[in-house]
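Residue-level structure breakdown
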Amino acid sequence: MTGAATLDPITLEILHNGLRSITDEMWTALRRSAYSTNIKERHDHSTAIIDTRGRLVAQSEYSLPTHLGAIIGATESLLQKYALKDLEEGDVIICNDPHVAGGTHLPDVNVIVPVFVEGGILAFVCTIAHHADIGGMSPGSMDACMTEIFQEGLRIPVMKLFNRGQMNEELMDLILLNVRVSDERRGDYFAQIAACNLGQRRLHELTDRYGVSTVLSAFDEIIERTTIRMRRGIETIPNGSYSFDDVMDDDGLGTFDIKIKVRIEVDGDKIHVDFTGTDPQVKGNINAPYNSTHAAVSYVLKAVVDPEIPNNHGVRSAIRVTMPPGTIGNAVFPGAVASRNHFAQRLVDVVLGALAGAVPHAVTAASNGANTSVSLLGISNTGEQYVYFETIGGGVGGRYAKDGKDAVQVHITNTANSPVEAFEMEYPLMIEEYGLVEDSGGAGRHRGGLGIRRVYRPIDHVASFNAVGERFRHQPWGLDQGRSGRSGQFVMVNDDGTRTKLPGKVATQELRPNQRLVVESPGAGGYGPTSERDHAALEEDRASEKCTDEYLQLHYGI
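What counts as what
Residues numbered from 1 in each chain as written. Predicted model: local features only at pLDDT ≥ 70, side-chain atom pairs only at ≥ 80, totals over all residues. Heavy atoms only, no water. Helix = DSSP H or I, 4+ residues; strand = E, 2+ residues; numbered from the N terminus. Rg over C-alpha atoms; globule rule 2.2 N^0.38 Å. Contact = heavy atoms within 4.5 Å. Areas by Shrake-Rupley, 256 points an atom, 1.4 Å probe, with all protein chains shown as cover. Lys, Arg positive; Asp, Glu negative; His and termini not counted. Charge placed at Lys NZ, Arg CZ, Asp CG, Glu CD. Phe/Tyr/Trp six-rings, centres within 6.5 Å; stacked < 30°, edge-to-face > 60°. Buried < 20%, exposed > 50% of the residue type's maximum accessible area, 1.4 Å probe, protein only. Lys NZ or Arg CZ within 6 Å of the ring centre and 35° of its normal. Pairing = 2+ DSSP bridges. Salt bridge = Lys/Arg side-chain N within 4 Å of Asp/Glu carboxyl O. Axes fitted to C-alpha atoms, helices over the stretch in contact; angles between N-to-C directions. Core = buried A, V, L, I, M, F, W, Y, C linked by side-chain atoms within 4.5 Å. Parallel < 35°, antiparallel > 145°, perpendicular 65-115°, else oblique. Left-handed = near helix turned anticlockwise from the far one by under 90°. Nonpolar A, V, L, I, M, F, W, Y, C, P; charged D, E, K, R; others polar.

Considerations on the overall build of the chain
Secondary structure summary: the chain contains twelve helices and 20 strands in total. For 558 residues, the compact-globule estimate of 2.2 N^0.38 gives 24 Å, and the chain sits close to it at 23 Å. For the chain, the spread of C-alpha atoms along the three principal axes comes to 70 × 60 × 40 Å. The long-range fraction of contacts in the chain, counting pairs at least 24 apart against all pairs at least 6 apart in sequence, stands at 73%. Approximately 20400 Å² of the chain is accessible, and the part contributed by carbon and sulfur atoms is 48%. Seen as two clouds, the 52 positive and the 72 negative side-chain charges of the chain have centres 3 Å apart.

Structure (structure tokens):
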């Protein structure tokens, strides 16, 4: 299939919006038909259309930036394994492995369907969803103690789950045999397939109306115009070399202060983001595959130079990223990567820190720099096993002209809040407290955002849990004399009042009905001198009880 001549702007805009609408509808269909809380409530899933050259053409507006690296990597792996002539109508491809199938971690499972029009493949419709469990040594498949990919769960290479419309029953049986709460997992897989089937129908409708050659031409022009726009945005950054270093707390297994080092070279419309000097990959599972690193860099540069640029392969192609193999941001086999988003979140802060000297109006102070996660496993009073997984938001760094936002998912993990009502309705667990962590935002002209306090208790049974946090030792830094935000913490509280502060990476352990797990996510750094904070803003801080009198006295002298 080949494209036609250059499209007129109106037709191109209609087609571009049509393609994005298809991915939005796929995303909604997946959410509404999913079984797990992680997808239907937290929205930990993404959808996209990718062309036959492996280029991202369109994504849902609600998709997660971190998922896009996995979708692109999975499609590239598919095209390496199968020639287009080897794919047939009715095929459904599944994969998740970060080392051999382009994924980013095992719980994120890709489902990819080739869309046939006029006897050839027009494009691929893709879904990716974080499954609450993918097997392995611990519930939720995210335990801090895992040291190699084999322990993290079921590794799925690029395989045909459906061949010419017929499901490979033995492959599905194998997948479900290796995961916890298999009925829920099965429902989520079929929700992904249903969303892809919807995407196929909508693409057929689009080509029926505009023709194959016109739609293919739109693919090329959407990406080309995005590349041009991204390069023009890069030109707004002053030429020069910008550097920044930061450290991650630890890997949970004895390696502390893991260094991330970046040097950004800007020359006209060209940018090179070089992480040479970053520490080697570690034993713990906070390593990240290269696809995660590139996705995070693409996200942050797009946000800095032009947030309104559509996110497609044009953004990625305008950026050069170097992360040497074997480093924490380009893990090699058999490196453990389950908690790779902690690294990716910190990487965003590091790039922002480097660019603060070039475009201070366009960056934030350090956000919570984490992907604070909790997994809970138990047996309900009906005898049924459950697995619950969630990530918890935190503070956004103070901005040049505004405070940072409180209690949200930041940067590359824009998943939603898991409502207490939905949580308690589906699981034999209670949320005893859910609110802001007072005083956790860094002081400054513009305050950093506040972290979240969430308190869990099992009801009438002994549960197990594991948890992973970052910025639990090192505070999120401020910019331009702004103060640091507060670190996060995990605390076990017994009903007799005794408290045990847990490490930032907690291996699976028991949680009894007479115990509460207190999770406090990190806040964020402030921006600008504290002496420049508006008096009305300080009064609002006091009235809202986001800041105590002691905090205001310490940082602002009032």
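Points about the packing of aromatic side chains
Scanning the model with the defined rule gives eleven aromatic pairs in all. Look at Phe-244 and Trp-477: their rings are 5.0 Å apart centre to centre, the planes differ by 55°, and that puts the pair in the tilted class. A residue pair is termed long-range when its members are at least 10 positions apart, and Phe-244 in strand β8 (residues 240–250) and Trp-477 in the loop between β16 (463–468) and β17 (489–494) qualify at 233 residues. Residue Trp-477 is classed as buried on the basis of its relative accessible area of 12%. Residues Tyr-551 and Tyr-556 carry aromatic rings whose centres are separated by 6.5 Å and whose planes lie at 55° to one another, so their mutual orientation is tilted. No difference in accessibility class separates Tyr-551 from Tyr-556, as the two residues are buried. Three or more aromatic residues joined by ring pairs make a cluster, and in this case those are Tyr-386, Tyr-388, Phe-423, Tyr-427 and Tyr-456. The ring of Tyr-400 is capped by Arg-445, whose NZ or CZ atom sits 5.9 Å from the centre of that ring.

Focus: the pairing of strand β12 (residues 373–379)
Taken across its seven residues, β12 has six buried, putting it largely inside the fold. Looking at chain direction, β12 and strand β13 (residues 385–391) are connected through seven bridges and run antiparallel. Pairing of Val-374 across the sheet is with Glu-390, part of β13. Taking the residues between adjacent antiparallel strands as the criterion, β12 and β13 are bridged by five residues, where Gly-383 takes a positive phi near 85°.

Section: the pattern of salt bridges
Any two side chains of opposite charge can pair, so long as their charged atoms come close to each other. Tallying each qualifying case throughout the model produces 46 salt bridges. Residues Glu-61 and Arg-20 are paired through a salt bridge, measuring 3.7 Å at the closest nitrogen-oxygen approach. Note that Glu-61 is positioned in the loop between β2 (56–59) and α3 (65–81) and Arg-20 in helix α1 (residues 9–33), a separation of 41 residues in sequence. Taking the relative accessible area as the measure of exposure, Glu-61 reaches 52% and is therefore exposed. A salt bridge links Arg-457 to Glu-432; the shortest N-O distance between them is 2.4 Å. Of this pair, Arg-457 sits in strand β15 (residues 452–458) while Glu-432 sits in strand β14 (residues 429–436), placing them 25 residues apart in sequence.

Quick word on the sheet that holds strand β3 (residues 92–95)
In spatial order, the strands read β2-β1-β5-β4-β3-β6-β7; together these seven strands make up an open sheet with antiparallel pairing. Edge strands, defined here as strands with exactly one partner in the open sheet, are β2 and β7 (166–167). Where strand β1 (residues 45–50) meets β2, three bridges bridge the pair, whose relative direction is antiparallel. By the bridge assignment, Ile-50 is partnered in β2 with Leu-56. Against the sheet, α1 engages β1, β2 and β5 (120–130), with an angle of about 145° to β1. Running at roughly 125° to strand β6 (residues 159–163), helix α4 (residues 169–177) makes contact with β3, β6 and β7 of the sheet.

Side note on the nonpolar core
As a rule of thumb, nonpolar side chains are buried together in soluble globular proteins. In terms of nonpolar packing, the biggest core is built from 52 residues, with Leu-19, Ile-94, Leu-122, Val-125, Tyr-189, Leu-203 and Phe-219 touching the most fellow members. Residues Ile-286, Phe-343, Val-363 and Leu-479 belong to the second largest nonpolar core, which totals 48 residues.

Re unusual backbone geometry
For residues other than glycine, phi is negative in most cases, and the peptide bonds are mostly trans. The omega torsion across Phe-333 and Pro-334 is 0°, close enough to zero to call that bond cis. Although it is not a glycine, His-411 sits at a positive phi angle of roughly 55°. Counting through the fold element by element, His-411 comes out in the loop between β13 and α10 (420–426). Classification of His-411 as buried rests on a relative accessible area of 16%.

With respect to the pairing of β15
In terms of residue burial, β15 counts as a mostly covered element, since seven of its seven residues are buried. Sheet topology note: the β14/β15 ladder contains seven bridges and is antiparallel. If you follow Gly-435 over to β15, its bridge partner there is Arg-453. The sheet contact formed by β15 and strand β20 (residues 515–520) spans four bridges and is antiparallel.

Here we look at the packing of α4 against helix α5 (residues 182–210)
A pair of packed helices is characterised by two quantities: the angle between their axes and the separation of those axes. Remark: α4 packs on α5, axes separated minimally by 9 Å, with the N-to-C direction vectors making an angle of 130°. On the basis of the axis angle, α4 is oblique to α5. By crossing handedness, the relation of α4 to α5 is classed as right-handed. Facing Met-172, Ile-175 and Leu-176 of α4, the residues of α5 in contact are Ser-182, Arg-185, Arg-186, Tyr-189 and Phe-190. Residue classes in the contact of α4 with α5 are distributed as five nonpolar, one polar and two charged.

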